[in-house]
Every structure is written in structure tokens, then in C-alpha cells.
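What follows is each chain in one-letter form.
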Amino acid sequence: MRELELYFGPQHLGMVGNFSITLKVEGDRILEATANPGYLHRGFEKLMELRNWIQNFPMVCRINVVEPDSMEMVYSMAVEKLAGIEVPERAHYIRSVCLELARVGSHLFGLWAYANMLGFDTVAQWAMYHRDLILDLFEELTGGRVYHIYIWPGGVRRDFPEGFKEKIVKTLHSIGSCVPDYDATFFNNRIFYERAKDIGKITREEAKEMGATGQVLRATGMKYDIRRVEPYAAYNQVPWDVPTRKDGDAFSRIWVIRDEMIESVYMIFKLIDKMPDGEVYNKVPNPFKWNIPKGEAYVRCESSRGELGLYLVSNGEDKPYRAHFRTPSYPHGLTVLEKALKNASIADVGNIMISLYVVAPEIDR
Amino acid sequence: MDRNQLIKWLKAPAKMGHKYSLHVIYFCTGCGIIEIPPSITSRWDAERFGIIPVATPRQANLFLITGYVSVKTLKPIIRTYEQMPEPKFTVGFGSCPINGGMYWDSYNTIKHLDKYIPVDGWIAGCMPRPEAIFVAVTHLWTLIDKEMANGYKKYRENYKYYRANQKQLYGKVEWPPLFPIEDKDEPSPS
Amino acid sequence: MKLLKEKLESIFSGVQVNILEQDRLIMSAQKDAVLSILSFLKGKGYTHLALISCVDWLEEKEFELVYVLSAYMQKDNGYTDKEKTNIILKTRISRGNPEFLTVISIFKNAEPYEREIYEFYGIDFKGHPRLTPLFLEREYKIPPFRKDFDTREYVKEVFDKIPFVENKDGKK
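Residues numbered from 1 in each chain as written. Chains lettered and ligands numbered in written order. Predicted model: local features only at pLDDT ≥ 70, side-chain atom pairs only at ≥ 80, totals over all residues. Heavy atoms only, no water.

Trainee: Would you mind going over the interface of chain B and chain C in detail, with residue names and values included?
Mentor: At the interface, 23 residues of chain B touch 24 residues of chain C. Surface buried jointly by chain B and chain C totals about 2100 Å² across both partners, of which 56% is contributed by carbon and sulfur atoms. Among the residues of chain B in contact with chain C, B:D105, B:Y107 and B:K115 are the three that bury the most area, contributing 33% of the side total. On inspection of chain B and its partner chain C, the count reaches 2 salt bridges. The interface formed by chain B and chain C contains 6 residue pairs in polar contact (both at pLDDT 80 or more). Considering each element in turn, the side of chain B that touches chain C owes the most residues, 6 residues, to helix 7 (residues 159-170) of chain B. Residues that form the side of chain B that touches chain C fall into these classes: 9 nonpolar, 7 polar and 7 charged. (Contact = heavy atoms within 4.5 Å. Buried area = accessible area lost by both parts, 1.4 Å probe. Salt bridge = Lys/Arg side-chain N within 4 Å of Asp/Glu carboxyl O. Polar contact = N/O pair within 3.5 Å; in protein donor to acceptor, adjacent residues only side chain to side chain. Helix = DSSP H or I, 4+ residues; strand = E, 2+ residues; numbered from the N terminus. Nonpolar A, V, L, I, M, F, W, Y, C, P; charged D, E, K, R; others polar.)

Trainee: With reference to specific residues and values, describe the environment of A:C301.
Mentor: Residue and element names in this part refer to chain A. Along the chain, C301 falls in strand 6 (residues 295-303). When its relative accessible area of 1% is taken as the criterion, C301 is described as buried. C-alpha separation for the pair C301 and D259, spaced 42 residues apart in sequence, amounts to 20 Å. Apart from residues no more than four positions distant in its own chain, C301 is found in contact with S70, V74, M77, I226, Y232, G306, E307 and L308. (Buried < 20%, exposed > 50% of the residue type's maximum accessible area, 1.4 Å probe, protein only.)

Trainee: Describe helix 7 (residues 179-187) of chain A, with residues and values.
Mentor: Residue and element names in this part refer to chain A. Buried within helix 7 are the following residues: Y182, D183, F186 and F187. The arc enclosing the buried residues of helix 7, seen along the axis, measures out at 105°, which places them on a common side. Exposed side chains of helix 7 directed beyond 90 degrees from the buried face belong to P180 and A184. The elements touched by buried residues of helix 7 are helix 4 (89-118), helix 5 (121-142), helix 8 (190-196) and helix 12 (250-274). (Arc of directions from axis to C-beta.)

Trainee: Quick rundown of the interface of chain C and chain A? Include the residues and the values.
Mentor: Counting residues at the interface gives 46 residues for chain C, matched by 47 residues for chain A. On the chain C side of the contact with chain A, C:Y72, C:F135 and C:F145 bury the most area, a combined 16% of that side's loss. Here chain C is connected to chain A by 6 salt bridges. Along the contact surface separating chain C from chain A lie 18 residue pairs in polar contact (both at pLDDT 80 or more). With 9 residues, strand 3 (residues 48-57) of chain C is the largest single contributor of residues to the side of chain C that touches chain A.

Trainee: Quick rundown of unusual backbone geometry? Include the residues and the values.
Mentor: With glycine set apart, most residues show a phi of negative sign, and most peptide bonds adopt trans. Backbone torsion omega between B:E86 and B:P87 reads -5°, so that peptide bond is classified as cis. Position of B:P87 among the secondary structure elements: in the loop between helix 3 (71-83) and strand 4 (89-93). With omega at -5°, the peptide bond leading from B:C126 into B:M127 counts as cis. Within the fold, B:M127 resides in the loop between strand 5 (121-123) and helix 5 (130-145). In this model, A:N343 sits at a positive phi of 60°, which is unusual for a non-glycine residue. One can find A:N343 in the loop between helix 13 (329-340) and helix 14 (349-355). Accessibility expressed as a relative area gives 54% for A:N343, which makes it exposed. Notably, A:Y357 is not glycine yet its phi reads approximately 65°, a positive angle. We classify A:Y357 as buried; its relative accessible area is 6%.

Trainee: An account of the sheet that holds strand 8 (residues 322-326) of chain A is requested, with residue identities and associated values reported.
Mentor: Residues and elements named next belong to chain A. Pairing is antiparallel in the open sheet, where 3 strands are placed in the order 6-7-8. Where the open sheet ends on each side, the last strands, each with one partner, are strand 6 and strand 8. Within the sheet, the average angular offset between the axes of one strand and its neighbour, ignoring direction, is 10°. As paired elements, strand 7 (residues 306-314) and strand 8 share 5 bridges and run antiparallel to each other. Residue pairing across strands places L310 opposite F325, the latter belonging to strand 8. (Pairing = 2+ DSSP bridges. Axes fitted to C-alpha atoms, helices over the stretch in contact; angles between N-to-C directions.)

Here is the structure:
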């Protein structure tokens, strides 16, 4: 048999996002895979050096389009660390509620992509509908469906409106009451089991060597979660659990996503019960003349895909000197993908890629 | 009835075919991929307007360029556009293809998409809502009725200038020209 | 944390260690000692290389390479204090002739980070298996992330000079 070189390119029905893989194929078996990013590169980190600290806020949330709140959170944490700003207690709780709602929305988007690719159209439509209900909540709170610009250094921008807590509880109940339907149609389905079991297997040692975090590591049995390791916002005020599975293949990764969604919903209920009253915002100096003292900081938080970090350097001026984002899809999409695709068949490329939970704009920035 | 009215009625079934069954090509070019799945699923159903996504450019009619375009993405966009059969329509989605948007000083994004492929209409916003897509589609129907949505005719007539712009950006364009142009270094399309 | 600081300062000479707050350890070292410090830290349990970054100090005419390390858990349950710490290691290399050694022999996932730094700053890593372009596809005279590359001038020169396409009657 001869070798062929195929392009699983950007315009393809099995590709979510603008990303391309070059495959070296013999018959139906893949010998070697090379990832080819760069279709979405905007030079973010260079553009951030030309804008003020406050002007960078609308820029930062556009790095990960599926879940922009965690980007705003990590930038706020870094600026607060450099400038020494304190955040009031109620703002910590509101930030946690926003981040967990964004996490549920992002997992529902991933479920749409995966179910659509496997052929389960019904479940895909349900997942997208439930995500729209969560985006309606965000629209009432912040004014925008997708890009919120709500979390900024000093707290959050405005308080919950009247009756908002009851609306959150009602929406989450209406989503949670559909979980038996999801289970019966997708998660306990024999076809999903046959198509995803033992596909794209990554052992724990390989995952640790390649720098993987997030679902890729939790599906191999390790309970590693940044919200437990160094708690930020209000995560150490309520009891919660880190779900794991044992096998490390695509089946385990999707089950970990499902368990995380349910855990997040319970966490939101507990946080809303325990929320104190008070202010939500500490004033920052005049944003046009705000100079932050010299220093550097590395902060990290847990986005829905893994460990998200930011290395921020300031030179005492009113613009950042260097900002470098460590996004979770960078090792997953460039190192783990090339390892998981060896000796797979062509029909499984989309399956493995979407179950590794890679978002293309995060790699290119 | 006079002859003009009869010709107008005979052309109308063709226009109705163009309008009410626009097939969108499935290509996620940029940021705007976030607002396309809500508009094709059950809450804001796009199929009642006749829009469904298809897999290949040979079966498609409408090209939605969602969000900003980087220098590396423009090549697949041009090749996909040239493979679509006529009549074809292009709509720019978001404020980045209009004049660069938020990334106006980036070294890797295209500022005016109009210089490289013809665009029939723009949708403003960052991100536009799904209802904005449907308003744009109804505007496109009015343009098709009045025969003003002729970006593909403009591409055929001014192909020399479009290809010169593409060459000035990339230095060398690898694929042969789509329509015959008189140029010494271009191979003729076989 | 204090034990680690004392051990590092006793074994390697020319190393400065600072402890910021309770979880962050920042150290700067000479460029010849970097590989041995990294293997020493990996033996102590810091096996997760999170980030390799680069900062361009134009006035001092130096590049600064930054390595960020942290630790995975040893057992399945229970966190010790070691997992909370982040170690940041910095070295300086000269700007006129930038080159350095690769750390792939110690940490396997350093490959795409070093490729990206080669593309954006022009630093050559000796011993790297493939230093091909990762994101960009055209040649730039000055690598784009350096401080003397002016991106607004570049936009004016390359993109704004391409003309709009006009119809025969002068409309666009």
C-alpha cells in the first residue's frame, strides 16, 4: 500500500472552529498527524501592549469565544495582584455564580458539537436550546448575550437586579429536570458506547508528561482541579466534589463533562443560598491616568477546558509591558492530539478531536 | 398584457428559487461561529426561511463570512468562493470585515474584505443577534428581486483587478485564474 | 518553601531566590545553570511545565526567558502545600545574537512553546527537532513581537496600499 497525504482542512463538516490537521495515511490507518494552527492569529499580545489597562477589557474576552468569563476573571485577578486592590465579599460570590453559569453554557456547546458529529441530532438541538436559556439570563444581567465585560478589577460592574436569584433557580430547575431524558437518549445509549469506548486512549503517565490538564487528566483518575489547589473567589466556602473516571478514552471524557455540569448546578444553588449583602465594587483610580507599579505576576484559574494562566509584566506605565496567556487548548491541540491520532482510523478523527475539547481561537490567540 | 410583463413573470420562478432556498456553506471562519448554531437550531429556526447548511461548496448558494479574516484564512475563502456555482451571494457578518473592526492595527488581519472578493451586504454588530441574520436575509430577498445582488457578475467582469489585489497581498497566487485574463505569466485555465 | 530556597542557594551559585506572598517563588539564574536547575526541580516533584515565555527589554538590550513550573499531585486524594506553589525561573540572554539550548530532554511538552518563541522573537534553540513556522506564513524583516516592530506602520505599508475595485462607471 502507498502513503497518501490528506488535509483535514478548515472547511470540513467534522471540524468545529478554524483549524486544520495534515494526515499521512496508509489505507484507512493514520501513520502520522501534524496540527496546523494559525488561521485565527491576530497578534493579541502585541495589540495589548498598545492599549490602556481599561481598554484591554473588551479585547481580553475575545480570546475564547465559547466561554469569555474566565478570561476576564484571570485578567482581573492579575491586575488586582499587581495593583494591590481588594475585592468585597459579595463580589466574590457573584463572580463564582457567573463563572459556574458560563461553565454550564460552555459544556452544553461542547455537547452540541460532539452529538452533532456523531449523528445524534435530537440531543444537539436540546443542548443548544438549554444554552440559549442561560444566555438569556446573562443578557438580563449584563446587556450582552455572548461578550459580557462584567468582571473587572475591583469587583463586578453592577449588582443583581430585583428577582434575579429566583430566575436563576427557575431556569436551572427547568434544565435539570431534563437530565433523565439526556441520559436515556445519549449517555446510556448503546451506540454511543460502541463508538466511543477505547477511542483516543491517553494513560495517566502520558497525560502528565504532555502537560495536559482539565478533562483529559480527570478522565484518567486524577482529581486535579485548580479550584481546589488554590481556591479563588468563593470556592472554598461551599462543599463540592471533583468528578473523575478511570479509563482515559473518549467515553470517559464525555461522562466527566456530564458529571461536571451537574456538580456546577448544585454549586450554584448553594452559593445563592449563602450570598451575603453588601457592596459589589471598590473604586479604582481614574482609568485614563492609571499607572500600575512595577512588577510581574502569574495567576491561574480553572476554565471549562483546563488550567488557564496569565503572565503579566508591568513597567510602571499605563499600558501592560507584556501579557502572555497560557491557554488549556495549547498542549491539548498541539501535543496530545498528535499522540492520540496515531494508529487511529480516518473515521475517528473528528470524534477524537472534539472529545479532547479543543477550541481553536485559544491556540492561536 | 405586453411583452415586458410576460418576460418578468417568466423570470419570477427562477428568482423564487434563488430566494427561498439559500444553502449556506459550513465554514467557521472566525469569532462569529458562536451565533450560527443558535440560529440553525430549534429556538431561532432558520429552516423556515429556507436556509440549511451543506457540506461542500459545489452545493452551496450563500457564503456567510462570520467575523474577522486573517491572512492565512483568506486563501481557503477565495478558493471556496471560486468553487461555488453561480448565482452566489456573500454576506459579511460582524463589524470586522467592514473596516478591520477591533483589530485595525494588527499585522495579520484583512482590513477591507471588499478588495479581494465581492460582498453583497454587511451585518453590523459584535456579535449580531440571530434575529439580525434573518433581517439581513429578507433584505437580500428584496435585492434579488430588484436584481441588485450581483456580486458574482462584478467578479466576472472585474476579475483582472481582484486577481491583481490578491497577487499584491500574497506575492504569488498558486491556483490558475478562474476566468481568462490576458497576462503573460498566468497559465490559461485548462 | 524556605527549605527549598536554602537548598537552591547552597547547591547552585549565582542564583537569587525571592519568595512573594505564600505561594510564589521567583528566581533568576545565569544562563548556563538553567538546565541543571530544571532537572533538580523536576526530581523534587515539580513535573508540570506550564509556560515558557519571553520578554523583550529594549533599553537593556536583553531578552528574558521565563519558565513557570508547578506540581501535580503524588497520590489520588489529598493536596499538600507543594501543589500550591508556582516556581518562576528567569534568565537573560543577549539581544544581538540570541540563541539558547532546548529543554525538550527534560520536559517533553516544551516543543510548541519554543517553536513559537523562535517565530515571534527570533531566538534560536539548539537541538530542537523541528523549528518550522507554526502560526505565521509570511516573512517579516523584524520578528513581529519585538519592541522595534511597529505594527501600525506595517499596516499602512502593506494593507492600505491595495486599491478598491471599481466598476466601469466609477462606483465600488
